[in-house]
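Residue-level listing of the chains:
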There are 2 protein chains.
Amino acid sequence: MSAIRTARERARAELTREIKEEARRALAASGAHDLSLRAVARALGMASSAVYRYFPSRDELLTALIIDAYDALGHDVETADGAAPPGDFRARWRAACGAVRDWARRTPHEYALVYGSPVPGYQAPEATIGSAARVPVVLLRIAGAAHAAGELTVPAAARPPGDRLVGQARRVAERLTDVGTLGLPYDAIVRIATVWTQLFGLIGFELFGHLANTFDPADELFAYSVEQMADAVGLP
Amino acid sequence: MSAIRTARERARAELTREIKEEARRALAASGAHDLSLRAVARALGMASSAVYRYFPSRDELLTALIIDAYDALGHDVETADGAAPPGDFRARWRAACGAVRDWARRTPHEYALVYGSPVPGYQAPEATIGSAARVPVVLLRIAGAAHAAGELTVPAAARPPGDRLVGQARRVAERLTDVGTLGLPYDAIVRIATVWTQLFGLIGFELFGHLANTFDPADELFAYSVEQMADAVGLP
DNA sequence: TCCATTTCGAGAGCAGTGCTCTCACTTAAG
DNA sequence: CTTAAGTGAGAGCACTGCTCTCGAAATGGA
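Visitor: How would you explain the interface of chain B and chain A if you had to name every residue and give the values?
Guide: In this assembly, 54 residues from chain B lie in contact with 53 residues from chain A. Counting the surface lost from both chain B and chain A, the interface buries some 4800 Å², and carbon and sulfur atoms represent 61% of this. Summed over the shared surface of chain B and chain A, the result is 14 residue pairs in polar contact (both at pLDDT 80 or more). Elements supplying a minimum of two residues to the side of chain B that touches chain A: α4 (58-83), α6 (108-115), α9 (163-175), α10 (186-207) and α11 (219-233) of chain B.

Structure, rendered in structure tokens:
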């Protein structure tokens, strides 16, 4: 985050923002598939070739939108968690999960962009992982707080996690010790991983129409799942 | 399924199959985004306009591939279930879930086509629902068989499903009474719905790179999840 | 057997796309 | 003040989905 000095840099930052803004509008209107660089340029009254001064390719533009989407979702979830009573861990859990669903339903095309099929040929740019981790970090933080309060009782698994799985969980914990997961038992981390996939699996199914004609208004199924997930993690 | 009479009809069926075959090849090579009708036509040595005699649009071609993908996956899962000892319900569960993952890893682009972001504006064509239901039907059938054998003990939920959720589950059961779900309690159906979303959530995360650098070889996390899911449904 | 009807393939063409290149112009830095 | 870098516009390339027209071929009834 360097300060903006020259007028040229200021103009560049401004235009970069405007391009992303217009692209996000087009994305919300008709999805990533129909997002056209030329249309964005047209809406901004500039030549299509000029946009390439700011984003080297269409995929780079989409990647920028992906990072922004991760951050927007992360912000919503963190805010929802923060607004719940700190000691009511289940309320925090409900708030966080509900925030994910709300964001997804509010901006379905952005959700599809981020959690749907990877757009080009699958890219995992390093720049995204920090933003992408914000949601699971919130889930881990809630469980960590419950654990610190001595109120986390992970239900016994029929079969305990294997050595490699525990190792993976430990590495996750080591990477995130600064976000409130201190001392979180490994099986709790594994459980959070599984319910994390469940959360996005359900939301994805709802958004992409896989629940049509069965659990169509998915509100109750979602609420039920959230409780089941909280139980699986061991929240009181 | 009407019998093929004339040579013209035979040729038409043959070419339709060849187009789909070539399209599937292109899909596997570079994904739905890069699938080009013209390239398919070129590979088949025909004019691009001729393909439109067989598929009215690119999206219609993709829809045909979607139905085929659902059926291929359904077939694999049904076969895997059938190959397991009928009375070992957990083994059948493992086999079915594993078959889904195996198919997804074997044909990731087809998985993305079906369970990733809906491609254009997505219309959920009626023709797909029958094929799409095959996987959940297998899961329901396994639970139904366990229930019939008196070995299904759905764990008590912290909060029972609400009225509307039970109603949705009942309608699902009514629509599927002919596939072995007879007498399956509604809370079991709801549980299967939630673990169904969990199964595809996990596989989607694995395929789309959301587990990179954390649970990267996802084999153990998957195995653990499958057991957790079986527990949640109440399988012995 | 002949003939009208339909089916089909091919080619041209339209509007659109991502992206590259060149050329003038403006801004910033030495 | 001069040189270098940054910027915008336009033309152009290769490609896309899709439509239309036009001959050729297969089909089915008389």
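Visitor: Any chance you could break down the environment of B:A39 for me, citing the residues and the numbers?
Guide: Residues and elements named next belong to chain B. Inspection of the secondary structure assignment puts A39 in helix α2 (residues 37-43). Residue A39 is classed as partly exposed on the basis of its relative accessible area, which comes to 33%. Separated by 97 residues in the primary sequence, A39 and P136 have C-alpha atoms spaced 35 Å apart.

Visitor: Can you break down the relation of the copies chain B and chain A residue by residue, with the values?
Guide: When chain B is fitted to chain A, the best match, at an RMSD of 0.1 Å, comes from turning it 180° and sliding it 0.0 Å along the axis. Classification of the inter-copy transformation places it as that of a two-fold axis. Counting the interface residues of chain B, we find that 98% of their copies in chain A are interface residues as well, pointing to one common contact surface.

Visitor: Break down helix α8 (residues 134-148) of chain B for me, citing the residues and quoting the values.
Guide: Residues and elements named next belong to chain B. With 15 residues, α8 extends 20 Å from end C-alpha to end C-alpha; this agrees with the ideal 21 Å at 1.5 Å per step. Among the residues of α8, those classed as buried are V135, P136, V137, V138, L139, L140, I142, A143, G144 and A146. Looking one or two residues beyond α8, the residue adopting positive phi is G150, at roughly 70°.

Visitor: Please provide a residue-by-residue account of the protein's contact with DNA strand C, values included.
Guide: Residues in close proximity to DNA strand C total 23 residues, the closest being A:L37, A:R38, A:R42, A:R58 and B:R53. Of everything in DNA strand C that lies within 4 Å of the protein, sugar and phosphate atoms constitute 49%. Interatomic distance of 3.2 Å between a side-chain N/O atom of A:Y52 and a phosphate oxygen of DNA strand C. Per-class residue counts for the surface near DNA strand C are nine nonpolar, six polar and eight charged.

Visitor: Give a detailed account of the packing of aromatic side chains, specifying residues and quantitative values.
Guide: Applying the stated criterion across every chain, the model contains 17 aromatic pairs over all chains. Each ring, one from A:Y115 and one from B:F205, has its centre 6.0 Å from the other, and the planes form 20°; the classification is stacked. Linking A:Y115 in helix α6 (residues 108-115) with B:F205 in helix α10, this pair reaches from one chain into another. Classification of B:F205 by relative accessible area gives buried; the value is 4%.

Visitor: Lay out the protein's contact with DNA strand D in plain terms, naming residues and giving numbers.
Guide: In the neighbourhood of DNA strand D, 24 residues make up the surrounding shell, with A:R53, B:L37, B:R38, B:R42 and B:R58 lying closest. Side-chain polar atom of A:R8 to a sugar or linking oxygen of DNA strand D: 3.0 Å apart, as the coordinates give it. Within the side chain of A:Y54, a nitrogen or oxygen atom sits 2.8 Å from a phosphate oxygen of DNA strand D. At the level of secondary structure, the elements contributing two or more residues to the surface near DNA strand D comprise α1 (7-30) and α3 (48-51) of chain A together with α1 (7-30), α2 and α3 (48-51) of chain B. In the surface near DNA strand D, the residues fall into nine nonpolar, six polar and nine charged.

Visitor: So what's going on with the nonpolar core? Which residues, and what values?
Guide: Counting 152 residues, the largest nonpolar core has A:W93, A:F200, A:L235, B:W93, B:Y111, B:F200 and B:L235 as the members making the most contacts within it. With 13 residues, the top contributor of residues to this core is α10(B).

Visitor: Give a detailed account of the domain arrangement of chain A, specifying residues and quantitative values.
Guide: Residue and element names in this part refer to chain A. Partitioning chain A into domains gives domain 1 (1-55) and domain 2 (58-233). Placing the centre of domain 1 and that of domain 2 at their C-alpha centroids yields a distance of 30 Å. In this complex, domain 1 contributes 14 residues to the contact, which on the side of domain 2 involves 10 residues. Carbon and sulfur atoms make up 71% of the surface buried where domain 1 meets domain 2, a total of about 1200 Å² over both sides. Summed over the shared surface of domain 1 and domain 2, the result is two salt bridges. Put simply, R24 and D68 hold a salt bridge, and the shortest N to O gap is 3.5 Å. In this assembly, domain 1 and domain 2 are joined by five residue pairs in polar contact (both at pLDDT 80 or more).

Thresholds, definitions, all that
- Residues numbered from 1 in each chain as written.
- Chains lettered and ligands numbered in written order.
- Predicted model: local features only at pLDDT ≥ 70, side-chain atom pairs only at ≥ 80, totals over all residues.
- Heavy atoms only, no water.
- Contact = heavy atoms within 4.5 Å.
- Buried area = accessible area lost by both parts, 1.4 Å probe.
- Polar contact = N/O pair within 3.5 Å; in protein donor to acceptor, adjacent residues only side chain to side chain.
- Helix = DSSP H or I, 4+ residues; strand = E, 2+ residues; numbered from the N terminus.
- Buried < 20%, exposed > 50% of the residue type's maximum accessible area, 1.4 Å probe, protein only.
- Least-squares fit on C-alpha atoms with pLDDT ≥ 70 in both.
- Expected span 1.5 Å × (residues − 1).
- Near = heavy atom within 4 Å.
- Nonpolar A, V, L, I, M, F, W, Y, C, P; charged D, E, K, R; others polar.
- Phe/Tyr/Trp six-rings, centres within 6.5 Å; stacked < 30°, edge-to-face > 60°.
- Core = buried A, V, L, I, M, F, W, Y, C linked by side-chain atoms within 4.5 Å.
- Domains from an automatic or database assignment.
- Salt bridge = Lys/Arg side-chain N within 4 Å of Asp/Glu carboxyl O.

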